[in-house]
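Inside the fold
So you can see what is in the structure, the chains are spelled out below.
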Amino acid sequence: MKHDKKFQRPMFVLSSIALAVLTMVNQAQAQEVQRVEVTGSSIKRLASEASLPVTMVTGEELEKRGMTTLADLMMSLPESSSLAPSNAGSGTNINLRGLGVNRTLVLLNGRRLANEAIADGYANLDVIPMSAIARVEILRDGASSIYGSDAIGGVVNFITKRTVVGNSVSAQYVKPQKSGGGDEQRLSATVGVGDLQKDGWNLYGTVDAHRRTRLLASDRAELSTTDILTSIGRAPTLGSGGYAMPANFTTATNKTAANPYYAAGCQGPYSIQGAKNTCILNAAYYGTALYGNEQVTFYAKGTKKFSDDHTLTIDYMRGQEYILGTKNPTTSLTANGVAALIPSTSKWYPGNSGGVPAVAGLKSEPLTVTWSVADLAEATTKDVQVNQRVSVNDEGRFGNWDYKAGFVYGHSQRDNYYETGYVNGPGLLTGIANGTLNPFGLQDAAGKAYLASISVDGALNRHSISTFTGIDLTASTELTTLAGGPLTLALGADVHRDTTEDTKTDITSVVTYAASGPSHGQGARNVAALYAEMEIPVTKELNFNVAVRDDHFSDFGNTINPKASFRYQPMKSLMFRGSANTGFRAPTLFDRYGYRVAGANTTTAAKWDDPVQCPGGTPGVAGTGKALPGLVASAVCNVALPRQTGSNADLKPETSKGFTLGIAAEPLQNLTVSADYWHIEMKDMLANLPEQVYFLNPTKYADLFVRNADGSLAYIKNITMNLGGQKASGIDVALAYSIPKTSLGNFKFELNGTYLTQFDNQLEKDSAYVSNVGRFGVASNGTTSSLPIITFRWKHTLTMAWNYGNWSSQLTQNYNTGYHDQNLIAAEYFRDIEPYQVWNLTASYRGFKNLTLSAGITNLLDAKPPVTNHSGYTYGYLSSAASPIGRAFNARLTYNF
């Protein structure tokens, strides 16, 4: 690979391979023998000409599995390490190979979308219309030269239906067996007119709406009981002090926190008794197990067939989603250097007329209170995301060349609002100081009115936009005929522009609880590429494909990335295949040009001990240190600490190289098996350090703990960095067996799995590699979550399908092996997490005219999410890797007319 910023001329290249397996043509044309273009190649070929491994899931298969969103698919794929959607607002993304969402390229009909607007490094799958999908192809071979050398982990191509004739409506409902939230409703309608073959044109449109209600942690209280949390070293009562209602307090002369209602048991359900005479927030009462969201997508596609060799297609997509994210109630944070003080003149001072119990030893000195405002309930944000894309595709034949020309424009916008429960921070402190607000109980009428007067509910706090504009042209022709078939050449050019703009509004400066501040970042990048691909069928048995791509980045210069593959099929029932490639990924626009703030703009996801002001504990184990004399323990020990995130102007691109080697065979009639070994290495990995790294070795990372003049922690520097390298490898296996037709119907069994042989991270250049197989990773690899990647040794999807006449049914198992827990706790609580499996059952009946009925059970055996002692999982179970909903019933009705 070559990377030379001084060399400015886009070079002529050879482009990608990766011919897909199992590519389907449209059902209406299933009888015709066609040459089609499949994910990863610009050369048309017969769909049966399998080459590199591609996982394909049809839209019909999504329905058979009872899936309601693309998140369900991404979580089930064995080659994916995707996390469940969270309250981050970014929606659903996919993380192939566990290499990070920024290294998985998402396409719609072979072209890019505008990325999610804040991070501008990956696509939100929730905005893609599920009802329009014909199939999803997952190219497991990385660094595609056709679409971009940044596809280090692979390519996911969502392919919409070519044409639709007729109308249909569909309704789906998911109801959890246990009470509470988490139910889902999905409605879709499709209209299609014009027969492409008879009339020469087709136009169809589809609208798809999905809604999921919020599931409270208290709705699944049995998953995080006090006994469970205590058994893993995370007993709720271990904490002390901190923000609660009733408030804890300290004085200038006594830094040991106390609470006037401790002896009375604190005030449930808002708080519970903690350690050392304090009340602590009742996390189970306020917690959210699954966040509510709504999605509405629209897709329209028009196709005009001018001749057998010339077709023009125009399509438009609009996807809108909002997610309601919740936090614990607003707290009385210091604002503008002023602490939350209640004077002795306030009627709410302990022992005064407000009825707050007197506290022995107080001498009318002002109290510094740490208060959680229970009257406001949870602090809720509304994150609204709208993604639009228009695409024009012209395909035809000019002389001896097949060509494809296209234009695409995508616009992604994301707005975040303070929905409910947020107030002006300085105003909150003023209300405490003047006696209007009672930090030790619920508010009277005057207090409620004052809270309403300082509310910022409904205010926009962040506005972000990203765009993608591109044109491309590809042409292919047969040069000559070799012993194995035509020698084919494809040439292509691609020019596109990415932009990003991200603004945190002025309101953030007064909403102290949000731990943010006004900022603005924007950037743009132009990329021009030339590429080519050559298919070389040496013999009927041996085929080579060579490709190379030259990209010119306006901010990083040129990079040339070749790729080569082969397919050798000595007999009809046996095939060998393999590939080798290099990759190049520039920092995302957000990583390089996003907002930069002088101080902290958030807090750590988990609680930690400040290694300087709460020293003496076990590294990485919160609550084991001891606060320095004169400091409030609950402010420096076992507490969420200030953290700085944002862009880094000094980032440089990362590079990669990889290869695959596989075999596919049909040892018996109706039985196919395949195994593909893959290996990927990266250098200068772009990532941010997970929180635990800082606290496991605070001396090594002391320069990332930025401190104030008095020694207090200003923030932990947690921006994206160029780390060391990464090595990942594994084996993808697939097996499919169809039992010959019986009197009981047709039966088919499929297994798709990935066995991980290596997943090593190097946190600094030239440092030792650390294995992450079967444990929580030491690098987050650019995901939207601060939680580390979880790398399973083995993960598979097993399906058993049956059909008989109008009846069909499918039983699916999703399985992953166990692994070591985080274990940043006392040694006596060290543990391993058990393997996890979920069974889903669906059945369908098509015996009624124009009507299809489906029903099923998700999580048939009611498997509970694995218990974990990871400090970032508040409720003690893996909410990012498994659903807390439990067994749920699924019903679907589709009517065609």
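Higher on the page you've got the structure.
Counting starts from 1 at the beginning of each chain's written sequence and moves along it residue by residue. In keeping with the predicted nature of the model, local features appear solely for residues at pLDDT of at least 70, side-chain atom pairs appear and are counted solely at 80 or more, and the whole-chain, interface and lining totals rest on all residues. Working from all heavy atoms in the structure, the side-chain values ignore hydrogens and water.

What follows covers the overall build of the protein. Numbering goes from the N terminus for both helices and strands, where a helix is a DSSP run of H or I of at least four residues and a strand is a run of E of at least two. Of the regular secondary structure elements, the protein holds 9 helices and 46 strands. The reference for a compact globule is 2.2 Å times residues^0.38; the radius of gyration itself is calculated from the C-alpha atoms. Over its C-alpha trace the protein gives a radius of gyration of 29 Å, about what one expects of a compact globule, namely 29 Å for 897 residues. When the backbone C-alpha atoms are referred to their principal axes, the protein occupies close to 100 × 65 × 50 Å. The proportion of buried residues among the 897 residues of the protein is 56%. Any pair of residues with heavy atoms lying within 4.5 Å of one another is described as a contacting pair. Of all intrachain contacts in the protein linking residues separated by at least 6 positions in sequence, the fraction that spans at least 24 positions is 71%. In the structure as shown, the protein presents an accessible area of about 35,200 Å², 57% of it carried by carbon and sulfur atoms. Counted as positive: Lys and Arg. Counted as negative: Asp and Glu. His and the chain ends are not counted at all. For this purpose, a charge sits on NZ of Lys, CZ of Arg, CG of Asp or CD of Glu. Side chains of the protein give 76 positive and 74 negative charges; the mean places of these two sets differ by 1 Å. Note on exposure labels: buried denotes an accessible area under 20% of the residue type's maximum, exposed denotes more than 50%, and partly exposed covers the range between, all computed with a 1.4 Å probe on protein chains only. Computed with a 1.4 Å probe, the accessible areas rest on the Shrake-Rupley method; for each residue, only the protein chains presented here act as cover.

Our next topic: the pattern of salt bridges. Pairs may arise between side chains of opposite charge once their charged atoms sit close together. Note on definitions: salt bridges are taken to be side-chain nitrogens of Lys or Arg within 4 Å of carboxyl oxygens of Asp or Glu. The full count for this structure, using the stated rule, is 34 salt bridges. What you see here is one network of salt bridges that share partners, running through R97, R140, R577, D676 and D732.

Right, let's get into the pairing of strand β8 (residues 154-160). In terms of burial, β8 is a largely internal element, 7 of the 7 residues being buried. Both faces of β8 are covered, namely the face carrying G154, V156, F158 and T160 and the face carrying V155, N157 and I159. By this definition, two strands are paired if DSSP reports at least two bridges between them. One ladder, built from 5 bridges, connects strand β5 (residues 104-108) with β8; its direction is parallel. When the bridges of β8 are listed, V106 appears paired with V156. Relative to β8, strand β7 (residues 133-139) is paired through 6 bridges, and the arrangement is antiparallel.

Time to look at the environment of L641. Summarising the element assignment, L641 is placed in the loop between α8 (633-636) and β30 (642-644). As for L641 and Y349, which are separated by 292 residues in sequence, their C-alpha atoms are 29 Å apart. For L641, the residues in contact, after removing those within four places along its chain, are T602, T603, T604, W608, D609, D610, F695, L713 and I716.

Another aspect to go through is helix α5 (residues 425-433). Of all the residues in α5, the buried ones are G425, G427, L428, L429, G431 and I432. Against the buried residues of α5 lie β19 (341-342), β20 (367-370) and α6 (445-453). Any pair of N or O atoms that falls within 3.5 Å is considered a polar contact. Within protein, one atom must be able to donate a hydrogen and the other to accept it, and sequence-neighbouring residues count only if both atoms are side-chain atoms. With a side-chain oxygen positioned 2.8 Å from the backbone nitrogen of G427, the residue opening α5 is N424. Two residues or fewer past α5, G435 is found with a positive phi of approximately 85 degrees.

On to the packing of aromatic side chains. A pair of Phe, Tyr and Trp rings is counted when the ring centres sit within 6.5 Å of each other, with Trp represented by its six-membered ring. The angle between the planes then sorts it: under 30 degrees is stacked, over 60 is edge-to-face, the rest tilted. Going through the model one piece at a time under the given rule, you end up with 19 aromatic pairs. Geometrically, the ring pair formed by W608 and F695 is stacked, given 4.6 Å between the ring centres and 5 degrees between the ring planes. Taken together, the residues span a long stretch of sequence, with W608 in the loop between β29 (602-603) and α8 and F695 in helix α9 (residues 691-696) at a distance of 87 residues. Judged by its relative accessible area of 2%, W608 is buried. Here the aromatic residues W608, Y694, F695, Y701 and F705 are joined through ring pairs into a cluster of three or more. Between K382 and the ring centre of Y322, over which it is positioned, the NZ or CZ distance is 4.4 Å. Both a distance and an angle decide whether a charge sits over a ring: NZ of Lys or CZ of Arg must be within 6 Å of the ring centre and within 35 degrees of the ring normal.

The mixed open sheet is built from 4 strands, whose spatial order is β29-β30-β35-β34. Across the chains shown, the open sheet's two edge strands, defined by having one partner strand only, are β29 and β34 (705-707). Looking at chain direction, β34 and strand β35 (residues 713-717) are connected through 3 bridges and run antiparallel. Bridge assignment links R707 to a residue of β35, and that residue is L713.

Here the bond from M245 into P246 is cis, since omega is 5 degrees, no more than 30 degrees from zero. With an omega of 0 degrees, the peptide bond between G268 and P269 qualifies as cis. Checked against the element boundaries, P269 lands in the loop between β13 (248-250) and β14 (271-273). Of note in this structure, D684 is not a glycine but carries a positive phi near 55 degrees. By secondary structure assignment, the location of D684 is in the loop between β32 (671-683) and β33 (686-687). A positive phi angle is found at N823, which is not glycine, with a value near 60 degrees.

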